[in-house]
Amino acid sequence: MTTPSVDALLPLTHLSEDERLLRDSVREFAQARIRPHVREMDEQAKFPRSLVDELFALGIMGIEIPESFGGAGGRFFHAVLVVEELSRVDPSVGVLVDVQNTLVVNALVRWGSSDLKNRVLPALSTKAVGAYALSEAASGSDAFALQTRAREDGDGYVIDGRKLWITNANEADYFIVFANLNPEAGYRGITAFVVERGTPGLTVGKKEDKLGIRASSTCEVILEHCRVPRSQVLGEVGKGYKVAIETLNEGRIGIGAQMLGLAVGALEHTVKYTKERKQFGKAIAEFQGVQFQLARAATDIEAARLLVYNAARLRDLGQPFLTEAAMCKIFASEVAERTASLAINLFGGNGFVKEYPVEKLYRDAKIGQIYEGTSNLQLQTIAKQML
Ligand SMILES: Cc1cc2nc3c(=O)[nH]c(=O)nc-3n(C[C@H](O)[C@H](O)[C@H](O)COP(=O)(O)OP(=O)(O)OC[C@H]3O[C@@H](n4cnc5c(N)ncnc54)[C@H](O)[C@@H]3O)c2cc1C
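Described below are features of the structure shown in this document. (Residues numbered from 1 in each chain as written. Predicted model: local features only at pLDDT ≥ 70, side-chain atom pairs only at ≥ 80, totals over all residues. Heavy atoms only, no water.)

**Points about unusual backbone geometry**
Going by this rule: In DSSP terms, a helix is any run of H or I states spanning at least four residues, a strand is any run of E spanning at least two, and both are numbered starting from the N terminus. Per-residue accessibility, obtained with a 1.4 Å probe over protein chains only, is compared with the maximum for each type, and a residue is labelled buried under 20%, exposed over 50%, and partly exposed between these values.
Positive phi, normally seen in glycine, also occurs at Asn168, with a value near 70 degrees. Among the structural elements, Asn168 can be located in the loop between β3 (156-167) and β4 (174-180). Positive phi is not limited to glycine here, since Phe280 has a value of about 50 degrees. Among the structural elements, Phe280 can be located in the loop between β9 (278-279) and β10 (282-283). A relative accessible area of 78% places Phe280 in the exposed class.

Set out below in structure tokens:
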């Protein structure tokens, strides 16, 4: 038997020097610059532009964009670490950065023509936010039943339709819009377009008033005779379904990271609180009944982290990761909900009021089982690979 290399023996949670530095700098930033505003952002359902600018200044809005386009030249795993750390403090900030990197940047880096990349990637690295507009009122899980239509018009296309639930729509400068150019061909007519904010015919509509991740904007995006030149097609005409499937397969690892970070944050608050809160003459953390609950949550989180990191590392290695990505999202989102629920229980009455941070995390956790493919759809993906 040959001796395995040291690299092959590294645990999944081992971080390289650059990964550790990135994680620590984002952790510090989240504590100093986000933590003080979490409650206000949630209550006002607002994401301050100044915070968006700070995220750009930190260099985490174009993680996989090559340095030649002004990006960080990093890997998908770096994005996962960043989303985890931000979500530990505020999952609303986590999802803004997640959509930017794991969906929008990812799609442009993989499918953008060199012309599109030259025009859009430098902006996405430094100042422009992206949104990903696939869902519609009548097509959520059944995304490819979308009703938004595109038709050829001279040297470009005209898009008409209404997109619903679009994250980052308020802040976005670029929208990846999926429209069907040839409905007779079914999903093979779906084409992805990059539509710039300000293009006549594109408007951002109603902003949703949500249960959780309230600071993250979720809006309708309306396209009325919205004309775009041919150069705005992302990938090949009729291959938008491939762009959507493949980016969402990867994007859901980012949601796994968001939910992992949320769970870590909830448990940290809980450990601190249970060591401080006294009942029956001692800290409640001294009761074995409480300790066992904390230990179980820590075990859940460790398992979620292994699933998320493994899926992300498989993706970076170019190995199949479809099942692992679905598993990490479903599991991490359940762990997030369980951990935030336990946090409320162990905070007692204080867990139920807004003065303490955990009721917000419980509300935020719910979205993990819905967007980028509901838990049922993740189970469907896993089962398909098995049968
Ligand atoms: C806050 C938020 C942000 C979002 N951001 C974006 C975004 O940026 N871009 C975007 O394009 N979309 C976005 N979405 C949309 C999101 O991806 C969809 O809501 C999600 O895919 C579910 O679709 P739906 O809401 O239509 O639910 P439905 O598809 O109607 O599902 C309802 C229920 O039926 C179940 N179900 C459906 N089909 C099956 C089946 N075949 N087998 C078993 N069960 C099934 C589902 O699991 C679910 O429990 C966002 C949604 C929210 C709430």
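**A word on helix α11 (residues 358-365)**
Rule in force here: Only heavy atoms matter for contacts: two residues are in contact if any of them lie within 4.5 Å across the pair.
Burial analysis of α11 places seven of its eight residues in the buried class, which makes it a mostly covered element. Those residues of α11 that sit buried are Val358, Glu359, Lys360, Leu361, Arg363, Asp364 and Ala365. Where the residues of α11 are buried, they touch α3 (38-44), α6 (91-111), α8 (240-276) and α10 (322-347).

**Brief notes about the site of the ligand**
Put simply, the test is: In this text, near means that some heavy atom of the residue lies within 4 Å of the molecule or strand in question. For the purposes of these results, a polar contact is taken to be a pair of N or O atoms within 3.5 Å, where, inside protein, one atom must be able to donate a hydrogen and its partner to accept one; residues adjacent in sequence count only when each atom of the pair is a side-chain atom. Computed by Shrake-Rupley with a 1.4 Å probe, the accessible areas treat only the displayed protein chains as cover when residues are assessed.
Around the ligand, the structure places 18 residues, and the nearest of them are Ser135, Ser141, Trp165, Thr167 and Thr374. Take Thr374: an N or O atom from its side chain is 2.6 Å from an oxygen atom of the ligand. The contact in question runs from a nitrogen atom of the ligand to an N or O atom on the side chain of Gln380, over 3.5 Å. Computed on the free molecule, the ligand has an accessible area of 970 Å², of which 64% lies beneath the protein chains in the complex. Elements that contribute at least two residues to the shell around the ligand include exactly β3 and α12 (375-386).

**Here we look at the pattern of salt bridges**
Rules: In the sections that follow, a salt bridge refers to a side-chain nitrogen of Lys or Arg positioned within 4 Å of a carboxyl oxygen of Asp or Glu.
If you walk through the whole model with that rule in mind, you get 37 salt bridges. Note that Arg315 and Glu64 form a salt bridge whose closest N and O atoms lie 2.9 Å from each other. Of the two residues, Arg315 sits in helix α9 (residues 288-317) while Glu64 sits in the loop between α4 (49-57) and α5 (76-89), which places them 251 residues apart along the sequence. We note that Arg315, like Glu64, is buried. For Arg315, the salt bridge is made with Glu250, and the minimal N-O distance between the two is 3.2 Å. Of this pair, Arg315 sits in helix α9 while Glu250 sits in helix α8, and the two are 65 residues apart along the sequence. For the pair Arg315 and Glu250, a shared accessibility class is recorded, and that class is buried. Each of Asp18, Glu19, Glu64, Arg75, Arg110, Lys242, Glu246, Glu250, Arg313, Arg315 and Asp316 takes part in a single network of salt bridges with overlapping partners.

**What to know about the packing of aromatic side chains**
This is how the line gets drawn: Side-chain rings of Phe, Tyr and Trp, where Trp is taken by its six-membered ring, are said to pair if the distance between their centres is within 6.5 Å; with planes under 30 degrees apart they count as stacked, over 60 as edge-to-face, and otherwise as tilted. Sitting over a ring, as applied to charges here, requires NZ of Lys or CZ of Arg to be within 6 Å of the ring centre and within 35 degrees of the ring normal.
By the definition in use, this model includes nine aromatic pairs. Ring centres of Phe77 and Tyr309 lie 5.0 Å apart, and the angle between their planes is 80 degrees; this geometry places the pair in the edge-to-face category. With Phe77 in helix α5 and Tyr309 in helix α9, this pair connects stretches of sequence that are 232 residues apart. For the pair shown, Phe77 and Tyr309 are each scored as buried. A ring pair is formed by Phe144 and Tyr187, whose centres lie 6.4 Å apart and whose planes are at 20 degrees; its orientation type is stacked. Note that Phe144 is positioned in the loop between β1 (130-133) and β2 (149-153) and Tyr187 in the loop between β4 and β5 (190-196), a separation of 43 residues in sequence. The partly exposed category is assigned to Tyr187, whose relative accessible area is 35%. The structure contains a cluster of three or more aromatic residues connected by ring pairs, namely Phe144, Tyr187 and Tyr241. Over the ring of Phe77 we find Arg313; its NZ or CZ atom is 3.7 Å from the centre of that ring.

**Describing the pairing of β4**
Going by this rule: Here a strand pair is declared whenever DSSP counts at least two bridges between the two strands.
Across the seven residues of β4, seven count as buried, placing the element largely inside the fold. Neither face of β4 is exposed, since Tyr174, Ile176, Phe178 and Asn180 on one face and Phe175, Val177 and Ala179 on the opposite face are all buried. With four bridges connecting them, β1 and β4 associate as parallel partners. The residue of β4 that forms the bridge with Tyr132 is Ile176. With seven bridges joining them, β4 and β5 adopt antiparallel strand pairing. Note that in β5 the partner of Phe178 across the bridge is Ala192.

**Topic: the packing of helix α2 (residues 17-34) against α5**
Packed helices, taken two at a time, are described by the angle their axes make and the gap between the axes. Applicable threshold: Convention adopted: a line fitted to C-alpha atoms gives each axis, helices being fitted over their contacting stretch, and angles between N-to-C directions are expressed from 0 to 180 degrees. For classification, angles of less than 35 degrees are called roughly parallel, those exceeding 145 degrees roughly antiparallel, those between 65 and 115 degrees roughly perpendicular, and all remaining angles oblique. Crossing handedness: left-handed means the near helix sits turned counterclockwise from the far one by under a right angle, and right-handed means the same turn made clockwise. Each residue receives one of three labels: charged for Asp, Glu, Lys and Arg, nonpolar for Ala, Val, Leu, Ile, Met, Phe, Trp, Tyr, Cys and Pro, and polar for the others, Gly being one of them.
α5 packs onto α2 with a crossing angle of 25 degrees between their chain directions and a minimal axis gap of 9 Å. In this view, α2 runs roughly parallel relative to α5, as classed from their interaxial angle. Judged by the sense of rotation from one axis to the other, the crossing of α2 with α5 is right-handed. Residues Asp18, Glu19, Leu22, Arg23, Val26, Arg27, Phe29, Ala30, Gln31 and Ile34 of α2 pack against Phe77, His78, Leu81, Val82, Glu85, Leu86, Arg88 and Val89 of α5. Of the residues contributing to the contact of α2 with α5, the split by class is ten nonpolar, two polar and six charged.

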